[in-house]
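# Understanding the architecture of this molecule
Now for the letters of each chain:
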Amino acid sequence: MAEVIQAIFIRETDTRQHPKPHTVYRVEIHAAVRNWIIWKRYSEFAKLNSRLITLYPKNPPPVPLPGKSIFPSTFGNPGRIEQRRRNLEDYLRGILSSRDDRWRQTDAWKEFLSVPTGRPLDASTMYTSENWLDEYNDMTNIVRDIRSLINKRGAHAARNEISASHNCTLQAKKLLLLLSTRISNLESGLNGLAMGQTAEAAMAEGELRRRQDMLHTLKSEKDTLMKLVNSTRQEQLYAPSPAASAQKQADRKALLDTSDDYNYGFPTTKSATPSASPQPRRRNGRAFGAQAKAFANETEETRGLDNEGLMAYQQQVMSDQDQQVEQFSAILARQRQLGYAIGDELEAQNQVLDELDSGVDRTNVKLKFAKKKLGAIK
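To start, this report covers the structure provided alongside it. Just so we're clear, the structure is a prediction, and the values are computed from it rather than from any experiment.

Here we take up the overall build of the chain. Looking only at helices and strands, the chain has ten helices and three strands in total. Its helices and strands in sequence order give the chain the pattern β-β-β-α-α-α-α-α-α-α-α-α-α, from N to C terminus. Across the 378 residues in the chain, those meeting the buried criterion constitute 26%. Of the accessible surface of the chain, which amounts to about 26100 Å², a share of 54% is contributed by carbon and sulfur atoms.

Right, here's the structure in full:
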């Protein structure tokens, strides 16, 4: 069964230099389950109109085709090109929206819009030399969009915006899936052009090698983007910054400083000349003091340790606690990210259900209209 076309747009134009300078129009076709793009010259619109008039001489299309201007020429005149673009869009939309579907049922209309049929498409015969390049340019634009999404994901992750980062990842993966499919079709189309399976002659060897290099570059770019999209960013999200690490080390050193000249909160004075009297040496034994000895509770880990050993043991305990806190923080952040992801998935499913509901309503309206017409015929 052929696609049911719902809308047609002509939003852009382009100038081509081969085989001679001319203007092409970008026709966007929106169907029920997929969209596609074709590029057409004005002469192809004129050919379609001529075929439709030949089939139905007494019933021309509802909107007339804009005429061809020779003096002055439309080519190179932006104002005239824009006016023709609007008129061509009205011409196609007039056929699409007409209640009389005789023009939409013709092979000329379906071939002009490249409407997919129920049988599988043969990618090796669906491209010409020009629209192969158009498809390649579209895919390079998709590559740029994916890179932009990856950069945005990094910016959102740096600001701890987990939901926005997750949305960027989802969009990038969807575009990558589309890119992989279209690259496969593009490769088959290039093989068909090389063997002359299309209406055009076989491609020259030099041009074939150039396009093969372009395709290889596009594949390498796709593989690189796939690795970037699938790479986890947990280490970047939860790893402490160098400034934070330096601040943590400074705070710990200030808390546990064991240098000989540390004053422990008491004011000290230093003489300009070194004192001749010998400095008392610090004891290596335990020095709790009288009250500390009364309240000190020894454990199996601390018994037998001197001051330096006790301080090293305390540092190790604090380091272990810091690692546990960081692990708990990463787990909580991951749970929050999963919650955001579930919420986004629920929103997407609700949107799909809403679209399905709208489609059912449209189908009911069409069925009522068909029943009404059937009743009038009876």
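Following the criterion strictly, the structure yields 19 salt bridges and no others. With its nearest N and O atoms 3.4 Å apart, the salt bridge here joins Glu111 to Arg51. Here Glu111, found in helix 3 (residues 107-113), pairs with Arg51, found in helix 1 (residues 42-55); they are 60 residues apart in sequence, far enough to count as distant. When its relative accessible area of 35% is taken as the criterion, Arg51 is described as partly exposed.

Another point: the packing of helix 4 (residues 129-158) against helix 6 (residues 205-230). At a closest axis distance of 11 Å, the pairing of helix 4 and helix 6 adopts a crossing angle of 20°. The pairing of helix 4 with helix 6 is recorded here as roughly parallel in orientation. Regarding helix 4 and helix 6, the two cross each other, and that crossing is left-handed. In contact with Ser129, Trp132, Leu133, Tyr136, Met139, Thr140, Val143, Ile146, Arg147, Ile150 and Arg153 of helix 4, helix 6 contributes Arg210, Arg211, Met214, Leu218, Glu221, Thr224, Leu225, Leu228 and Val229. Residue classes in the contact of helix 4 with helix 6 are distributed as twelve nonpolar, three polar and five charged.

Nonpolar side chains tend to gather and get buried jointly when the protein is soluble and globular. In terms of nonpolar packing, the biggest core is built from 26 residues, with Phe45, Leu92 and Leu113 touching the most fellow members. Of all the secondary structure elements, the ones that give two or more residues to this core are strand 1 (5-16), strand 2 (22-31), strand 3 (35-41), helix 1, helix 2 (78-97) and helix 3. The biggest single contributor to this core is helix 2, with six residues. Ignoring anything within four residues of it in the chain, the contact list for Leu92 reads Ile8, Ile10, Val27, Phe45, Leu48, Trp109 and Phe112. Core analysis: the next-biggest nonpolar cluster, separate from the first, contains 23 residues, Ile146, Leu208, Met214 and Leu225 among them.

Within the element layout of this structure, His18 appears in the loop between strand 1 and strand 2. You can call His18 exposed: its relative accessible area is 60%. Through-space distance from the C-alpha of His18 to that of Glu130 is 8.6 Å; in sequence the pair is 112 residues apart.

Evaluation of the coordinates by the stated rule reveals three aromatic pairs. A ring pair is formed by Tyr25 and Phe45, whose centres lie 6.4 Å apart and whose planes are at 90°; its orientation type is edge-to-face. Of this pair, Tyr25 sits in strand 2 while Phe45 sits in helix 1, placing them 20 residues apart in sequence. The exposure classification of Tyr25 matches that of Phe45, with both residues buried. Consider the rings of Phe45 and Phe112, whose centres lie 5.0 Å apart with planes at 65°: the pair is edge-to-face. One end of the pair, Phe45, is in helix 1; the other, Phe112, is in helix 3, and 67 residues separate them in sequence. In this structure an aromatic cluster arises from ring pairing among Tyr25, Phe45 and Phe112. A cation over a ring is seen here: Arg102 above Tyr56, with NZ or CZ 5.4 Å from the ring centre. Stacked on the ring of Trp103, the Lys or Arg Arg102 has its end atom at 6.0 Å from the ring centre.

This paragraph deals with the sheet that holds strand 1. Strand order in this open sheet of three strands is 1-2-3, and the pairing throughout is antiparallel. With partners counted over all chains shown, the strands left at the sheet margins are strand 1 and strand 3, one partner each. Strand after strand, the sheet turns through a mean of 25° between neighbouring axes, direction not considered. Sheet topology note: the strand 2/strand 3 ladder contains seven bridges and is antiparallel. Bridge pairing in strand 3 places Ile29 opposite Trp36.

Our focus in this paragraph is the pairing of strand 1. When strand 1 meets strand 2, the two strands line up antiparallel, connected through ten bridges. Residue pairing across strands places Ile5 opposite Ala31, the latter belonging to strand 2. Between strand 1 and strand 2, which follow one another and run antiparallel, lie five residues.

Take a negative patch on the surface next. A cluster of acidic residues, Asp354, Glu355, Asp357 and Asp361, forms a negative patch at the surface. As for its placement among the helices and strands, Glu355 is situated in helix 10 (residues 307-377).

Cut-offs and rules
- Residues numbered from 1 in each chain as written.
- Predicted model: local features only at pLDDT ≥ 70, side-chain atom pairs only at ≥ 80, totals over all residues.
- Heavy atoms only, no water.
- Helix = DSSP H or I, 4+ residues; strand = E, 2+ residues; numbered from the N terminus.
- Buried < 20%, exposed > 50% of the residue type's maximum accessible area, 1.4 Å probe, protein only.
- Areas by Shrake-Rupley, 256 points an atom, 1.4 Å probe, with all protein chains shown as cover.
- Salt bridge = Lys/Arg side-chain N within 4 Å of Asp/Glu carboxyl O.
- Axes fitted to C-alpha atoms, helices over the stretch in contact; angles between N-to-C directions.
- Parallel < 35°, antiparallel > 145°, perpendicular 65-115°, else oblique.
- Left-handed = near helix turned anticlockwise from the far one by under 90°.
- Contact = heavy atoms within 4.5 Å.
- Nonpolar A, V, L, I, M, F, W, Y, C, P; charged D, E, K, R; others polar.
- Core = buried A, V, L, I, M, F, W, Y, C linked by side-chain atoms within 4.5 Å.
- Phe/Tyr/Trp six-rings, centres within 6.5 Å; stacked < 30°, edge-to-face > 60°.
- Lys NZ or Arg CZ within 6 Å of the ring centre and 35° of its normal.
- Pairing = 2+ DSSP bridges.
- Patch = residues over 30% accessible without salt bridge, like charges linked within 9 Å, V, L, I, M, F, W, Y side chains within 5 Å.
- Lys, Arg positive; Asp, Glu negative; His and termini not counted.
- Charge placed at Lys NZ, Arg CZ, Asp CG, Glu CD.

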